[in-house]
Amino acid sequence: MAKLYVNPKHQLGHINPELQGHFSEHLGRCIYEGLYVGQDSDIPNTNGMRNDVVEALKEMQIPVLRWPGGCFADEYHWKDGIGPKESRKKMINTHWGGVVEDNSFGTHEFMELCRQLGCKTYINGNVGSGTVQEMSEWVEYMTFEGVSPMADLRTRNGHPESWRVDYFGVGNENWGCGGNMTPEYYGNLYRRYQTYVRNYKKGEEIYKICCGPNADDYHWTEGVLKTTHDHAQSAHGFMNGLSLHYYTVPDSWENKGGALVFDEEKYYKTLNKTLYMEQLIKGHGAIMDQYDPEKKIGLIVDEWGTWYEVEPGTNPGFLYQQNTMRDALVAGINLNIFNKHCDRVKMANIAQLVNVLQAVILTEGEKMIKTPTYHVFHMYKYHQDAELLESYVETQQIGSEGCRVPNLHESASLGKDGRIHVTLNNLSVTDSYEIEAVFTETDIQGVEGTILTGDMHAHNTFEEPDAVHTEKFDQVAVSGQNLKFTIPPCSVLHLAVEI
Ligand code: AHR
């Protein structure tokens, strides 16, 4: 019997809802088809946004959405995407699939989407191929209310009121697709560009995000912070966040492996690689601690998730992949890790929202399915805005040789609803485990459980949209301060504990 300890008397930090954030790029069928179909579409929509997708995302409690990229952001010129649709510029999306981008989804449409979703806005600006003036004017266009050229232009385009920009990224992957820069060169550009990301409204300050490292590129983190830290520490609002990108690729970038075709060894290898996220947070966090010991700068994991070979027969530039119980475990593990590091991690955005990489939703024409990853976010939503609790689970190492993983993985929080929320993952493909959960000095009044479980290959299709779905988990014995239950193999479990 494995013991799971939760100490409700020991709160460790606040879990920002944004740890369960999302990312949408002008890539493949994420924006067009996935989210936006236009007002004239036969697919039911409100101001062009798919009703079915918006409804599902609201139900999942999407807290924040990042846009327009990704690599696309450093080639995006925002003025191409405003004004009458018929006169918007058409261009080729050179990064992703070489298809025509007609700019029919631009700033106004993104803000309308976030309004419908009821979520915060995260805009990513262009440093790679854009000017300081362009970035500065975009911020003015979105957030300034008063007499100004950009506020006038917005009014002429039908929106006299300004919008709120909660987060603003100053460039994306500027070590790669965003300009191939050195950390020192980018650090200096960051200092300059962010100066003109003006805060026009008191109480609505923009959270400015500096481009951080790729995976274990500690040299980038060090170089950028060294170049910027005097300001970061002295001037409030100079740098609020530093990004981190890390994708879970089962094999190598040259041979990523399939989303549906994998064996047990690949399954464990995938989970082993995803667990590396914790080491990355600790490693980059240690460098940040040297420059920012008070942890004022948030680590923003604004791209994470699985990246496989594309679904056979689809455009290689569209990054469309299926999603199985393996992805559900990847999601569960990462969300647990973010919770446990909520002192430093202030936002995380899985890539990407619809039809791209580890999507929560897939669409085909008017059809829509929720992936296993969707269900995990839905189960974890109770951690949003909750207080992290001290917790620990006894584990044993399982998996294939060279790819060992712990059999169990957990996090726990005290929710806004006054209940304790425990999310526990069983990583084993074959074994179930008996668990005794002990809640320090806390009498348990009742418990509600929800589980997502299935074969490691299990996934939803347009023919069988509910093959993987959550179920009530009621085989939990309550006695005093303890719970006893058995967690089945390959599963993600949520327990809501009444105290
Ligand atoms: O999410 C797909 C791409 O991955 C993004 O555009 C880029 O930032 C990253 O390399």
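For the structure itself, consult the block above.
How each quantity is defined
- Residues numbered from 1 in each chain as written.
- Predicted model: local features only at pLDDT ≥ 70, side-chain atom pairs only at ≥ 80, totals over all residues.
- Heavy atoms only, no water.
- Helix = DSSP H or I, 4+ residues; strand = E, 2+ residues; numbered from the N terminus.
- Rg over C-alpha atoms; globule rule 2.2 N^0.38 Å.
- Buried < 20%, exposed > 50% of the residue type's maximum accessible area, 1.4 Å probe, protein only.
- Contact = heavy atoms within 4.5 Å.
- Areas by Shrake-Rupley, 256 points an atom, 1.4 Å probe, with all protein chains shown as cover.
- Lys, Arg positive; Asp, Glu negative; His and termini not counted.
- Charge placed at Lys NZ, Arg CZ, Asp CG, Glu CD.
- Pairing = 2+ DSSP bridges.
- Axes fitted to C-alpha atoms, helices over the stretch in contact; angles between N-to-C directions.
- Near = heavy atom within 4 Å.
- Polar contact = N/O pair within 3.5 Å; in protein donor to acceptor, adjacent residues only side chain to side chain.
- Nonpolar A, V, L, I, M, F, W, Y, C, P; charged D, E, K, R; others polar.
- Expected span 1.5 Å × (residues − 1).
- Arc of directions from axis to C-beta.
- Patch = residues over 30% accessible without salt bridge, like charges linked within 9 Å, V, L, I, M, F, W, Y side chains within 5 Å.
- Salt bridge = Lys/Arg side-chain N within 4 Å of Asp/Glu carboxyl O.
- Disulfide = S-S within 2.5 Å.
- Core = buried A, V, L, I, M, F, W, Y, C linked by side-chain atoms within 4.5 Å.
- Parallel < 35°, antiparallel > 145°, perpendicular 65-115°, else oblique.

Caption draft 1: Examining the overall build of the protein more closely. Each helix and strand in the protein was counted, giving nine helices and 26 strands. A globule of 499 residues ought to have a C-alpha radius of gyration of about 23 Å, and the protein, at 22 Å, matches this closely. By principal-axis analysis of the C-alpha atoms, the protein measures approximately 65 × 55 × 45 Å. In the protein, which comprises 499 residues, the share counted as buried stands at 60%. Restricting to contacts in the protein with at least 6 residues of sequence separation, those with at least 24 account for 76%. Just so you have it, the protein exposes about 19,000 Å², and 48% of that area is on carbon and sulfur atoms. Measuring between centres, the 42 positive side-chain charges of the protein sit 5 Å from its 68 negative side-chain charges.

Caption draft 2: Looking closely at the sheet that holds strand β12 (residues 298-306). Taken in spatial order, the eight strands close into a barrel running β2-β5-β8-β9-β10-β11-β12-β13, and their pairing is parallel. Each neighbouring strand pair of the sheet contributes to a mean axis angle of 25°, computed without reference to strand direction. In this structure, strand β10 (residues 207-210) lies alongside strand β11 (residues 241-248), joined through two bridges in parallel fashion. Bridge pairing in β11 places I209 opposite G241.

Caption draft 3: Structural context of the site of the ligand. Every one of the 13 residues lining the ligand counts as a neighbour, but E25, C71, E173, Y247 and E303 are closest to it. At 3.1 Å, a side-chain N or O of N172 approaches an oxygen atom of the ligand. The separation between an oxygen atom of the ligand and a polar side-chain atom of E303 is 2.7 Å. For the shell around the ligand, a count of residues per class yields seven nonpolar, three polar and three charged.

Caption draft 4: How the structure looks around helix α5 (residues 183-195). Between the first and last C-alpha of α5 there are 18 Å, a value that for 13 residues agrees with the 18 Å anticipated at 1.5 Å per step. Those residues of α5 that sit buried are P183, Y186, G187, L189, Y190, Y193 and Q194. The buried residues of α5 occupy one face: seen down the axis, they fall within an arc of 165°.

Caption draft 5: Highlighting a negative patch on the surface. On the surface, E364, E366, E463, E464 and D466 cluster together into a negatively charged patch. In this fold, E464 is placed in the loop between β22 (446-453) and β23 (471-472).

Caption draft 6: Spotlight on the sheet that holds strand β19 (residues 408-414). Pairing is mixed in the open sheet, where 10 strands are placed in the order β23-β22-β26-β20-β19-β16-β1-β21-β25-β24. Lying at the two open borders of the sheet, with one neighbouring strand each, are β23 and β24 (477-479). Here strand β1 (residues 2-14) runs beside strand β16 (residues 387-393); their pairing, made up of seven bridges, is antiparallel. Within β16, the residue paired with V6 across the bridge is S391. Of the strands in this sheet, β16, β19, β20 (420-426), β22 and β26 (491-498) are in contact with helix α8 (residues 325-340), which crosses β19 at around 50°.

Caption draft 7: Fine view of the pattern of salt bridges. Taken as a whole, this structure holds 24 salt bridges when the rule is applied. Note that E436 and K3 form a salt bridge whose closest N and O atoms lie 4.0 Å from each other. Here E436, found in strand β21 (residues 433-439), pairs with K3, found in strand β1; they are 433 residues apart in sequence, far enough to count as distant. For K3, a relative accessible area of 27% corresponds to the partly exposed category. Among the ionic pairs, R164 bridges to D166, the shortest N-O distance being 3.3 Å. Overlapping salt bridges, with partners in common, bring together D289, D292, K295 and R344 in one network.

Caption draft 8: Spotlight on the state of the cysteines. Under the defined criterion, the tally for this structure stands at one disulfide. One disulfide bridge connects C71 with C177, the sulfur atoms lying 2.2 Å from each other. A torsion of -90° about the S-S bond marks the disulfide between C71 and C177 as left-handed. Of this pair, C71 sits in the loop between β5 (64-67) and β6 (91-92) while C177 sits in the loop between β9 (167-170) and α5, and the two are 106 residues apart along the sequence. Free cysteine C119: the closest other cysteine sulfur is in C114, separated by 3.9 Å.

Caption draft 9: Quick peek at the side chain of T324. With respect to the helices and strands, the residue T324 is situated in the loop between β12 and α8. The buried category is assigned to T324, whose relative accessible area is 0%. Within polar-contact distance, the side chain of T324 engages the backbone nitrogen of R326 at 3.0 Å. The residues touching T324, leaving out its near neighbours within four places in the chain, are A259, L260, F262, P372, M456, H457, A458 and H459.

Caption draft 10: Up close: the nonpolar core. Formed by 142 residues in total, the largest nonpolar core has its most connected members in L57, F168, W304, F338 and F485. Tallying contributions element by element places helix α7 (residues 264-291) first for this core, with 10 residues. Once residues within four sequence positions are removed from consideration, L57 is found in contact with L35, I62, L117, L353, V360 and I361. Counting seven residues, the second largest nonpolar core, distinct from the first, contains Y122, I209, I300 and M347.

Caption draft 11: Region of interest: the pairing of strand β14 (residues 361-364). As judged from the four bridges shared by β14 and strand β15 (residues 367-370), these two strands associate in the antiparallel manner. Across the sheet, I361 pairs through a bridge with K370, a residue of β15.

Caption draft 12: Region of the structure containing the pairing of strand β17 (residues 397-400). Pairing analysis gives four bridges linking β17 to strand β18 (residues 403-406), with the strands arranged antiparallel. Bridge assignment links I398 to a residue of β18, and that residue is V405. Hairpin connection from β17 to β18: two residues lie between these consecutive antiparallel strands, with G402 at a positive phi of about 85°.

Caption draft 13: Expanded view of helix α2 (residues 107-117). Of all 11 residues that make up α2, 10 are buried, and the element is covered over most of its length. Three or more residues of α2 are buried, namely T107, H108, E109, F110, M111, E112, L113, C114, Q116 and L117. Count one or two residues on from α2 and you reach G118, which has phi positive near 70°.

Caption draft 14: Structural detail: the packing of helix α1 (residues 51-59) against α2. Contact geometry for α1 and α2: axes closest at 9 Å, N-to-C directions at 55°. Comparing the axis directions of α1 and α2 gives the class oblique. Here V54, L57 and K58 of α1 come into contact with α2, specifically with L113, Q116 and L117. Here the contact of α1 with α2 is built from residues that sort into four nonpolar, one polar and one charged.

Fair warning: the whole summary comes from geometry, so function is off the table for now.
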